[in-house]
Structures are given as C-alpha cells and as structure tokens.
Amino acid sequence: MAKRNDKAAGQAAYRKLKLDLRQGTVGSLYLFHGEEAYLRDHYLDQMKAKLIPPGMESFNYHRLAGKTLTAQRLAETVDALPMMSPRTLIVVQDYDLFKAPEGERKAITQLLEDLPEYCCLVFVYDTLAYKRDARMKKLAGVLQDKGQEVPFLRQETGDLVDWIGRRFRALGHDIDTADAQYLIFLCGDLMTNLIGEIEKIGAYAKGVHITRQDIDAVATPQLDAVVFQMTDAISAGNFDQAASVLGDLLHMQEAPIKLLAVLGKQLRQLYTARLALDTGKDKFWLMEQWNMRSDYPAKLLLDNARRVSREWCAMAVRRCYETDLRIKSVNGVDGAQELKLLLMELEQG
C-alpha cells in the first residue's frame, strides 16, 4: 500500500510540475530524482527556457556540483540578484541533503526556509539515490512545506509507445505499435537510451515505415534481450542457434557468471509461464508474479512455455542453480566451459 501511495504522490507531483511550467507558476524549491534522466533533463530545459531570457544564462543560471558544495557557496548563489530577468535558476547536482555534515545541514535548512521569490533552486539526484530521512525532522519538514519532490520514473508502455511514434515522426518515419513494443523489449524502457537508438534507426531506414529489420540492423540490444534469444532458441529445440548466441556473448567478453544469472532468471520466468499454462492462469498473472510493466514479454514467455514441459523447466532451473554454485564455490572452474556444458545438458534433457 505504501508503494502505491508513493507512486500516486509521485505522479501528482509530476503533473503539477507540467502544469506549473504551462501556467508560468514555477515554484522556488524542487528535488528531482528517479532513473528516467531524459525526462528530468527535458523539464530542466523547460524550466530554464521559462525562467531565463535568451542571452542571460551566464548571469542568472547557475550549476553547482554537490561534491564541492558548501552552505556558504549556496547562500552566496541564492543571494545573487537576477540581472534583466525576474528569476534565477540554480541547479545543484548530486548533493545528499540528508547526509551532509550537521553544521552544513542546519545552515542549508535555514536557507531553504526563506528562499527569495526570485530564486528557483533545484536539487538533482542523478548518480546518488534520493531518500528522505524522517529522523531529521527539521530538514524533512522544510522540504515538505517549501519544496516539491518530483520523481522521474520509467514510463508506462502505452505512453512510451506513443512517444516512440512521435520521435520517429519527427525524423520523417512511422512505426506500428508491435514494432515499437519490440524496440522497447530489445533496448529497454529508459527514454535516455531509446532516444539514441531511435536516431540510429531513423538515419538507417530507407523507407518511411520502420520495420523490424531496420531495428535489428542497427539497434544495440540489452543483455536480457540477447539472452532471451538464447532461451527462445532453447525452448524451440534449436540448440545450434542457442550455442551461437552464447558464443557471441562470450566473444564480447560478457562475464559467464553474469550471463548465468540472466539465463537463470529467464528460465525461472519460463517455468512460471509453464505453471501458468498448466493451472489456467493468464498473462496478467504472469506479469504480476514478475513485476512486468508490459504484456509483451509475458506473451513471448507463454508462447515459449508451450514448447516445453513442466519437468524440463524444473530440470533447467535446477541445473542453472547447480552450475552457479559450482562456478562460485570451486576454485579454477572455467565459467565459459560450464555454460557450454549446461547448454548441452539442456539439449539432452
């Protein structure tokens, strides 16, 4: 229930930020965090455009590194009056307010209590995770009363598909929903990464319509997607193809223990999908078990599960566990060789 409430609060904060930018009512104190850096940077740019007239950035836009930040430096920057502009914008990058030395924390808390109206101060958590410490009641209370915490979270699949469509249209292309979902499955659901893939695919594609062949030709798949190609081949009984994928991954210097971890997870998902088929469960049950944000991988798993038995899945999961234990506990074991042996056992099983 707490996670659900946190998500609802985060969505409300995100909507309020968009409304404030649209209506020109940007506040004085923000905390930006979350893994979707593309969205965060997009709204920082919008803030900058809304608050700072063109050509006045060097006077009214200030970026401070959290690693070297002091309360005195922050106070001096806040006190700097805007020049030929109604507001200043200060962005503090990766400063953990709750882990600051006590003296610094108290000074910054006092500063935040009475920010001048002309100042917009944004704390950005990028490489640092943001976590409010309720034990520090004074600081937490000031942030609650004076600031807005805006989490930039991974987008829902439907919103992401729409965004991918808009990005391709801006490049003179179009893409259908199924292929947009395939792109998300292949490259992950972070817009920060997808934007580069979209640009590559758009530059490569010869036709107006983006095809799966265009995507496969130039997109860089994430590791989970490549290992899925291997499990897909295994479930189809195409072990030559599975061995070829494994060979390519090992040739790219992927650590065997890392590959085994991803393979083990996907075989456990395949086992869960087989159980779903055997007990009359649907894709939504499978999504809930594995906290999937999209039904696309769930449908792929159910399709693959129809090719294998529950007994085979149980054996595959057990052998992954045994191989993992052997690699981690026996000195001198060749991890790559163990993976190849595992693949041979799955074929014979």
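Residues numbered from 1 in each chain as written. Predicted model: local features only at pLDDT ≥ 70, side-chain atom pairs only at ≥ 80, totals over all residues. Heavy atoms only, no water.

1. A word on the overall build of the protein chain
Part 1 of the reasoning: Scanning the protein chain from terminus to terminus reveals 17 helices and 5 strands.
Part 2 of the reasoning: For the protein chain, the C-alpha atoms occupy an extent of roughly 75 × 50 × 40 Å along the three principal directions.
Part 3 of the reasoning: Counting across all 349 residues of the protein chain, residues that qualify as buried make up 47%.
Part 4 of the reasoning: If you take every contact in the protein chain between residues at least 6 apart in sequence, the share linking residues at least 24 apart comes to 75%.
Part 5 of the reasoning: Treating the 46 positive side-chain charges of the protein chain as one cloud and the 48 negative ones as another, the clouds have centres 4 Å apart. (Helix = DSSP H or I, 4+ residues; strand = E, 2+ residues; numbered from the N terminus. Buried < 20%, exposed > 50% of the residue type's maximum accessible area, 1.4 Å probe, protein only. Contact = heavy atoms within 4.5 Å. Lys, Arg positive; Asp, Glu negative; His and termini not counted. Charge placed at Lys NZ, Arg CZ, Asp CG, Glu CD.)

2. Quick look at the packing of helix α4 (residues 71-79) against helix α5 (residues 102-113)
Part 1 of the reasoning: One way to put it is that α4 packs onto α5 with a least axis distance of 9 Å and a crossing angle of 15 degrees. Here α4 lies roughly parallel to α5, going by the angle between them. By crossing handedness, the relation of α4 to α5 is classed as left-handed. Touching A71, L74, A75 and V78 of α4 are E104, A107, I108 and L111, all from α5. (Axes fitted to C-alpha atoms, helices over the stretch in contact; angles between N-to-C directions. Parallel < 35°, antiparallel > 145°, perpendicular 65-115°, else oblique. Left-handed = near helix turned anticlockwise from the far one by under 90°.)

3. So, the nonpolar core
Part 1 of the reasoning: One finds F32, M47, I164 and W312 to be the most contacted residues of the largest nonpolar core, which totals 87 residues.
Part 2 of the reasoning: In contact with F32, not counting residues within four places along its chain, are L17, R40, L44, M47, V122, F123, V124, Y125, V150 and F152.
Part 3 of the reasoning: L74, L111, L121 and L139 belong to the second largest nonpolar core, which has 27 residues in total. (Core = buried A, V, L, I, M, F, W, Y, C linked by side-chain atoms within 4.5 Å.)

4. Some points on the environment of Q148
Part 1 of the reasoning: Among the secondary structure elements, Q148 is positioned in strand β5 (residues 148-151).
Part 2 of the reasoning: Q148 sits in the buried class, given a relative accessible area of 17%.
Part 3 of the reasoning: When the C-alpha atoms of Q148 and Y30 are compared, they prove to be 4.8 Å apart, with 118 residues separating the residues in sequence.
Part 4 of the reasoning: When residues no more than four places from it in sequence are discounted, the contact partners of Q148 are K16, D20, L29, Y30 and L31.

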